Amino acid sequence: DAINAMFYVMFKGTPGEAYNVVSEKGDVSVRELADLMSENAVDSVEVIFDYGQRNSIEVTGALSVVTGDSTKIRNLGWNCHYSIKEGTTRMMQYYGIKCL
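Calculation criteria
- Residues numbered from 1 in each chain as written.
- Predicted model: local features only at pLDDT ≥ 70, side-chain atom pairs only at ≥ 80, totals over all residues.
- Heavy atoms only, no water.
- Phe/Tyr/Trp six-rings, centres within 6.5 Å; stacked < 30°, edge-to-face > 60°.
- Buried < 20%, exposed > 50% of the residue type's maximum accessible area, 1.4 Å probe, protein only.
- Lys NZ or Arg CZ within 6 Å of the ring centre and 35° of its normal.
- Helix = DSSP H or I, 4+ residues; strand = E, 2+ residues; numbered from the N terminus.
- Contact = heavy atoms within 4.5 Å.
- Core = buried A, V, L, I, M, F, W, Y, C linked by side-chain atoms within 4.5 Å.
- Polar contact = N/O pair within 3.5 Å; in protein donor to acceptor, adjacent residues only side chain to side chain.
- Salt bridge = Lys/Arg side-chain N within 4 Å of Asp/Glu carboxyl O.

**Student:** How should I be thinking about the packing of aromatic side chains in this particular structure?
**Tutor:** For any pair of aromatic rings, the description rests on two quantities: the centre-to-centre distance and the angle between the ring planes. On inspection of all chains with the given rule, the structure shows 2 aromatic pairs. Summarising the aromatic geometry, the rings of Tyr-94 and Tyr-95 are spaced 5.1 Å apart at their centres and angled 90° between planes, so their arrangement reads as edge-to-face. Using a relative accessible area of 67% as the deciding quantity, one classes Tyr-94 as exposed. Lying across the ring of Tyr-19, Lys-72 places its NZ or CZ 4.6 Å from the centre.

As structure tokens, this is what we get:
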């Protein structure tokens with residue numbers, strides 16, 4: 001989906017303008033994404049989060065939720081075709097990770 005979106009921007013977008021390559025249907029936290037990928041891998045993978053780092057300036061100073069608006073790129077005719085699960089499965093398989 002991301003590569004397809006980049007082609008839409010290159011061929012149909014306005015030069016010099018920025019476009020969000022995002023699907024609002026795919027909003028997940030880092031933890032949810034890690035869990036999804038772990039559950040999808042054939043080989044056992046343990047997700048470990050170090051919650052002791054939660055009070056560091058890098059974490060407290062970061063945005064708690066980042067969402068994008070795809071209206072502008074959708075107006076070019078682009079729509080995502082893969083769910084977050086399908087997209088992560090395709091990415092993992094590309095890197096040689098066996099998936100369920």
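Additional details are given in the paragraphs that follow.
**Student:** Explain helix 2 (residues 30–40) here, please?
**Tutor:** Along an α-helix, a turn takes 3.6 residues, which lines up residues three or four apart on a common side. Considered for burial, the residues of helix 2 that qualify are Leu-36, Ser-38 and Asn-40. The inward-facing, buried residues of helix 2 abut helix 5 (84–94).

**Student:** Could you clarify how one ought to interpret the nonpolar core in this entry?
**Tutor:** One recurring pattern in soluble globular proteins is that nonpolar side chains are buried together. Core analysis: the largest hydrophobic core is formed by 6 residues, namely Ala-5, Tyr-19, Ile-73, Leu-76, Trp-78 and Cys-80. Leaving out residues up to four positions away in the same chain, Ala-5 has contacts with Val-21, Ile-73 and Trp-78.

**Student:** Please clarify how the environment of Ser-70 should be interpreted in this entry.
**Tutor:** Topologically, Ser-70 is positioned in the loop between helix 3 (57–60) and helix 4 (71–74). For the pair Ser-70 and Tyr-19, spaced 51 residues apart in sequence, the C-alpha to C-alpha distance is 7.7 Å. When neighbours within four sequence positions are excluded, Ser-70 is seen to be in contact with Asn-20, Val-22 and Glu-24. Within the local environment of Ser-70, its side chain forms a polar contact with the side chain of Arg-74, the two groups lying 2.7 Å apart.

**Student:** What is the right way to look at the pattern of salt bridges in this model?
**Tutor:** Within the structure shown, the criterion is met by 2 salt bridges. One salt bridge in this structure joins Lys-72 and Glu-17, with 2.8 Å as the shortest N-O distance. Here Lys-72, found in helix 4, pairs with Glu-17, found in the loop between helix 1 (2–12) and helix 2; they are 55 residues apart in sequence, far enough to count as distant. A salt bridge links Asp-35 to Arg-31; its shortest N-O distance comes to 3.2 Å. Taken together, the positions of Asp-35 and Arg-31, both in helix 2 and 4 residues apart, correspond to about one turn of that helix. Note on Asp-35: relative accessible area 24%, which makes it partly exposed.

**Student:** Is there a simple way to explain the side chain of Thr-88 in this structure?
**Tutor:** With respect to the element layout, Thr-88 can be found in helix 5. Judged by relative accessible area, Thr-88 falls into the buried class, the value being 7%. When near neighbours in sequence (up to four residues on either side) are disregarded, Thr-88 contacts Leu-33, Leu-36 and Met-37.

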